[in-house]
Structures are given as C-alpha cells and as structure tokens.
Amino acid sequence: MFIINEVLKKDKIPADKMDELFKKHVEWFTHHFEEGNFVLLGPYTDQEMVGIMLSPVKTREELENILKSDVYYADGMADYEVHSFTAAKISPKIMDYVGK
C-alpha cells in the first residue's frame, strides 16, 4: 500500500490554465478512485494546493504510471512524495471520520 502527498506548485501552473488543469486533475483522480487505484483521497485542510492519496496498488511501478498520467505531472507542476507502508490495524470506526 502507498501513501502519496501531492503538492501543487502554483508558480509552475499557468494562471490562464489553472481552472482547466484542475478540472482534468479531478477527472484523473475520480477515474482512479472509481477503478480502486485510490481508496482514500482529499485535500489538506490546513494547507492550500496539497492533498493526500492512499493507494492499494501492488507495485511502485504501477503507481508511478498512474501518477505520470496526472495533468500536473507534466512540466513538474506538482511534487509527489510516495511512501510504501503496511496497514497493521484498521479501526472499524474509520467511517466515523471519512464517511461524513
């Protein structure tokens, strides 16, 4: 399993394309969420233009291919910090936090 922090670089995103690129980004992560490549995602509430994704894909190579298809990957408009981990415990109360 992987946890990904994505940090958008505002200075690299053309101002006149900001809305168009964000729309494509939403389509990208929605597609991968529906495919099961991301099982949890969302923006940080204490920092702008930063979000987190949780991915159960099997290999880093598979994840890298998914990330490369994000519109922000091109031209280095975002940084992706990827960490591999094993979930040792999952609380049954998780839906109390994410199901709202």
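Each remark here, short or long, concerns the structure printed above.
Quick summary incoming for the structure in this document. Everything numeric here is computed off the predicted structure, so don't read it as measured data.

**A short note on the overall build of the protein**
- Of the regular secondary structure elements, the protein holds 3 helices and 4 strands.
- When its helices and strands are written in sequence order, the protein yields β-α-β-β-α-β-α.
- A compact globule built from 100 residues should have a C-alpha radius of gyration of about 13 Å, and the protein, at 14 Å, falls within 12% of that.
- Principal-axis analysis of the C-alpha atoms places the extent of the protein at approximately 45 × 30 × 20 Å.
- In the protein, buried positions account for 30% of the 100 residues.
- Within the protein, counting contacts between residues at least 6 apart in sequence, those at least 24 apart form 66% of the total.
- Approximately 7,100 Å² of the protein is accessible, and the part contributed by carbon and sulfur atoms is 54%.

**Quick look at helix H2 (residues 60–68)**
- Along H2, the residues classified as buried are Leu63, Ile66 and Leu67. On an axial view of H2, the arc spanned by its buried residues comes to 95°, and they lie on one face.
- Against the buried residues of H2 lie strand E1 (2–8), helix H1 (18–34), strand E3 (50–55) and strand E4 (78–84).

**Focus on the pairing of strand E2 (residues 40–43)**
- Looking at chain direction, E2 and E3 are connected through 4 bridges and run antiparallel. Bridged to Gly42 within E3 is Ile52.
- Between E2 and E3, which follow one another and run antiparallel, lie 6 residues, and Met49 among them has a positive phi close to 60°.

**Notes on the sheet that holds E1**
- The antiparallel open sheet is built from 4 strands, whose spatial order is E2-E3-E1-E4. The open sheet is flanked by E2 and E4, the only strands paired with a single partner. The sheet shows a mean angle of 10° between the axes of neighbouring strands, direction not considered.
- Relative to E4, E1 runs antiparallel, the two sharing 7 bridges. Residue pairing across strands places Glu6 opposite Tyr80, the latter belonging to E4.
- Against the sheet, H2 contacts E1, E3 and E4, and its axis sits at roughly 160° relative to E4.

**Let's talk about the packing of aromatic side chains**
- The full count for this structure, using the stated rule, is 2 aromatic pairs.
- Ring centres of Trp28 and Phe38 lie 5.5 Å apart, and the angle between their planes is 65°; on these two criteria the pair is classed as edge-to-face. Taken together, the positions of Trp28 in helix H1 and Phe38 in the loop between H1 and E2 put the pair 10 residues apart, joining distant regions of the chain. One exposure class covers both Trp28 and Phe38, and it is buried.
- Between Tyr73 and Tyr80, the ring centres sit 5.5 Å apart and the planes meet at 35°, which makes this aromatic pair tilted.
- A relative accessible area of 17% means that Tyr80 is categorised as buried.

Reading the values: the criteria
- Residues numbered from 1 in each chain as written.
- Predicted model: local features only at pLDDT ≥ 70, side-chain atom pairs only at ≥ 80, totals over all residues.
- Heavy atoms only, no water.
- Helix = DSSP H or I, 4+ residues; strand = E, 2+ residues; numbered from the N terminus.
- Rg over C-alpha atoms; globule rule 2.2 N^0.38 Å.
- Buried < 20%, exposed > 50% of the residue type's maximum accessible area, 1.4 Å probe, protein only.
- Contact = heavy atoms within 4.5 Å.
- Areas by Shrake-Rupley, 256 points an atom, 1.4 Å probe, with all protein chains shown as cover.
- Arc of directions from axis to C-beta.
- Pairing = 2+ DSSP bridges.
- Axes fitted to C-alpha atoms, helices over the stretch in contact; angles between N-to-C directions.
- Phe/Tyr/Trp six-rings, centres within 6.5 Å; stacked < 30°, edge-to-face > 60°.

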